[in-house]
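Summary of the model geometry
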Amino acid sequence: MSRGLPLLHRRRILVSGAIGGITCAAVVVGAAMAGQDDGSGDANASTKAAQTISCPAVAGSLPEIPAEAQAEVDRNLALLDTQIAEANKRLGTSQGEGGPNFVQNAILGPLADKRKSTLDRIAISIGRRAEKPTGLDALAECTLSGGEAGAGTGAGGEADSGATPTAAASEPAGAGAEQGGGAEQGGGAEAGSGADEGSAQTISCPDVASKISGVPAAAQAEVDRNIALLDTQLAEANKRLGTSQGEGGPNFVQNAILGPLKDKRASTIDRIELSFSRQGSTAPSGLDALAGCSLTSG
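Thresholds, definitions, all that
Residues numbered from 1 in each chain as written. Predicted model: local features only at pLDDT ≥ 70, side-chain atom pairs only at ≥ 80, totals over all residues. Heavy atoms only, no water. Salt bridge = Lys/Arg side-chain N within 4 Å of Asp/Glu carboxyl O. Helix = DSSP H or I, 4+ residues; strand = E, 2+ residues; numbered from the N terminus. Buried < 20%, exposed > 50% of the residue type's maximum accessible area, 1.4 Å probe, protein only. Axes fitted to C-alpha atoms, helices over the stretch in contact; angles between N-to-C directions. Parallel < 35°, antiparallel > 145°, perpendicular 65-115°, else oblique. Contact = heavy atoms within 4.5 Å. Nonpolar A, V, L, I, M, F, W, Y, C, P; charged D, E, K, R; others polar. 1 Å grid on protein atoms, 1.4 Å probe; cavity = no way out; pocket = protein on both sides within 12 Å on 5 of 7 lines; lining within 4 Å. Points joined across faces, edges and corners; volume = space filled by probe spheres on them. Disulfide = S-S within 2.5 Å.

Remarks on the pattern of salt bridges
- The full count for this structure, using the stated rule, is four salt bridges.
- For the salt bridge of Arg278 with Glu222, the shortest nitrogen-to-oxygen distance reads 2.1 Å. Of this pair, Arg278 sits in helix 5 (residues 252–278) while Glu222 sits in helix 4 (residues 220–243), placing them 56 residues apart in sequence.
- A residue is classified by how much of its surface remains accessible, and Glu222, at 11% relative accessible area, is buried.

Some details on the packing of helix 3 (residues 102–127) against helix 5
- Packing of helix 3 against helix 5 leaves a shortest axis separation of 8 Å and a crossing angle of 10°. Judged on the interaxial angle alone, helix 5 and helix 3 are roughly parallel. In this structure, helix 3 uses Phe102, Asn105, Ala106, Pro110, Asp113, Lys114, Ser117, Asp120, Arg121 and Ile124 to contact helix 5, whose residues at the interface are Asn255, Ala256, Pro260, Asp263, Lys264, Ser267, Asp270, Arg271, Leu274 and Arg278.
- In terms of residue class, the contact of helix 3 with helix 5 is built from seven nonpolar, four polar and nine charged.

So, the layout of surface pockets
- As a volume, the second largest pocket reaches approximately 230 Å³.
- Taken together, 14 residues form the lining of the second largest pocket, with Arg90, Ala106, Pro110, Lys114 and Asp263 sitting closest to its centre.
- Only helix 2 (70–93), helix 3 and helix 5 provide two or more residues apiece to the lining of the second largest pocket.
- Counted by class, the lining of the second largest pocket contains six nonpolar, four polar and four charged residues.

Focus on the state of the cysteines
- According to the stated counting rule, one finds two disulfides in the structure shown.
- Ordering the disulfide-forming cysteines of the chain by sequence position, one finds them joined as 1-2, 3-4.

See the structure below:
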């Protein structure tokens, strides 16, 4: 008996040591796996954070700017920088929103429309005092970049994605500049245009054509094209509304449809106003307030 007790104690010690070793090994393996998971998560987060919007540089593509137009051109170059900064901010705060085309529909598309309008103003301001630059429309489109470039700093100093102006003329009229531009003649009947029958909700926009009067004869065709473009934009937005049921979160319609539609309409209305100014006339006031649209039931 006296010799059996130490043997029993020794067996217990061996068993306890084995269990302790297994437990320690499990803890080490678990910690290693957790470290791998954390690293993977950080890598994914870094990949998402690294995405920025890159736009072609504009300032370097402009001809010599007349002194009288310099201030106006500088203001619009600064506006291009503001637009891309706002788009990059929107990109960073909208991770996980919408479907696969959310970034194109809600961020890149509206940004291109804003840039087209701003580039039009730059071309017109130079053209009033010197030869009007052509091909600036080719610099409107932006893309997603995986690097840290693309934030766009300095006057018109957007990250250059390699695009250069084409030989085609950059007409502020915007004919064909946007999808379906001028392809349909809607005569300004915008409210609820393009709504599918049986759809519970449609998009309704303020009528622009009825607010325009005194159009110079030389600007009439351009104004008509842009009014038709407003109808086309609304029809496309209503089609998008009908085919996107169930997509995205609670703000999907605002972010992916109504917001981009407002930006497109603002650019088109801007071109209508510019068509007046090119003929030495003043456009009707308050047109900018007609850009926003809303959902209606029935």
